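# A structural walkthrough
If you want the building blocks of each chain, they are given just below.
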Amino acid sequence: MANKRELKKSINYVAGDLFQECIVLKYIKKTDNTKVDEVLLDILNMQSEFLARVNHPDPGNIKKFYRRLYVDFGDAVEQIITKLQSF
């Protein structure tokens, strides 16, 4: 398992890439601004949720907590990517 600092950097990196894709869609491809703004908010909410989860792990089985965090993060990223592909 990586340490918390590296995990938070990875979350920020992925969220930044997704945010950048939304900006490209919004300004270069001229898609619907309201839909893109909703996805931007989803990305920011996802980022803050997972950073909070990393900072405050559940007591008990730490390995199980971080495995679940990785799975949940992957699922959240996949949902955002499918939203971006629908534009």
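Look a little higher up for the structure.
Quick caveat, the model's predicted, so the values are computed rather than measured. All residue numbers refer to position in the chain's written sequence, counted from 1. Where local features are concerned, this predicted model is filtered to residues with pLDDT of at least 70; where side-chain atom pairs are given and counted, the filter is 80 or more; whole-chain, interface and lining totals use all residues. For side-chain calculations, the full set of non-hydrogen atoms in the structure is used, while hydrogens and water are omitted.

## Considering the packing of helix 2 (residues 33–55) against helix 3 (residues 62–85)
- Axis definition: a line fit to C-alpha positions, over the contact stretch in the case of helices; interaxial angles, taken between N-to-C directions, run 0 to 180 degrees. In this text, helices come from DSSP runs of H or I with a minimum length of four residues, and strands from runs of E with a minimum of two, each type numbered from the N-terminal end. Packing of helix 2 against helix 3 brings their axes to within 11 Å, and their N-to-C directions diverge by 175°. Classed by the angle they form, the pair helix 2 and helix 3 counts as roughly antiparallel. Facing V39, D42, I43, M46, F50, R53 and V54 of helix 2, the residues of helix 3 in contact are F65, Y66, R68, L69, D72, F73, A76, V77, I80, K83 and L84.
- For this classification, Asp, Glu, Lys and Arg are treated as charged, while Ala, Val, Leu, Ile, Met, Phe, Trp, Tyr, Cys and Pro are nonpolar and the rest, including Gly, are polar. Counted by class, the contact of helix 2 with helix 3 contains 13 nonpolar, no polar and five charged residues. Here is the rule for angles: anything less than 35 degrees is roughly parallel, anything more than 145 is roughly antiparallel, 65 through 115 is roughly perpendicular, and the remaining ranges are oblique. A contact between two residues is defined here by any heavy atoms of the two lying within 4.5 Å.

## Some words on helix 1 (residues 4–27)
- Expected span of a helix: the number of residues minus one, times 1.5 Å. Across its 24 residues, helix 1 extends 34 Å between first and last C-alpha, which sits within 8% of the 34 Å expected from 1.5 Å per residue.
- Classification of residues uses two cut-offs on accessible area relative to the type maximum, computed with a 1.4 Å probe and protein chains only: under 20% is buried, over 50% is exposed, and between them is partly exposed. Every buried residue of helix 1 is listed here: L7, I11, A15, L18, C22, L25 and K26.

## Some words on the packing of helix 1 against helix 2
- Two elements in contact, helix 1 and helix 2, have axes whose closest approach is 10 Å; the angle formed by their N-to-C orientations is 180°. By the angle between their axes, helix 1 is roughly antiparallel relative to helix 2.
- Grouping the constituent residues of the contact of helix 1 with helix 2 by class yields 16 nonpolar, four polar and four charged.

## A few points about helix 3
- End to end, helix 3 covers 35 Å across 24 residues, agreeing with the expected 34 Å (1.5 Å per residue, within 8%).
- Turning to helix 3, the residues buried within the fold contact helix 1 and helix 2.
- By the criterion applied in these results, polar contacts are pairs of N or O atoms within 3.5 Å in which, for protein atoms, one can donate a hydrogen and the other can accept it, and in which residues neighboring in sequence qualify only through two side-chain atoms. N-cap assignment for helix 3: the residue whose side-chain oxygen lies 3.4 Å from the backbone N of K63 is N61.

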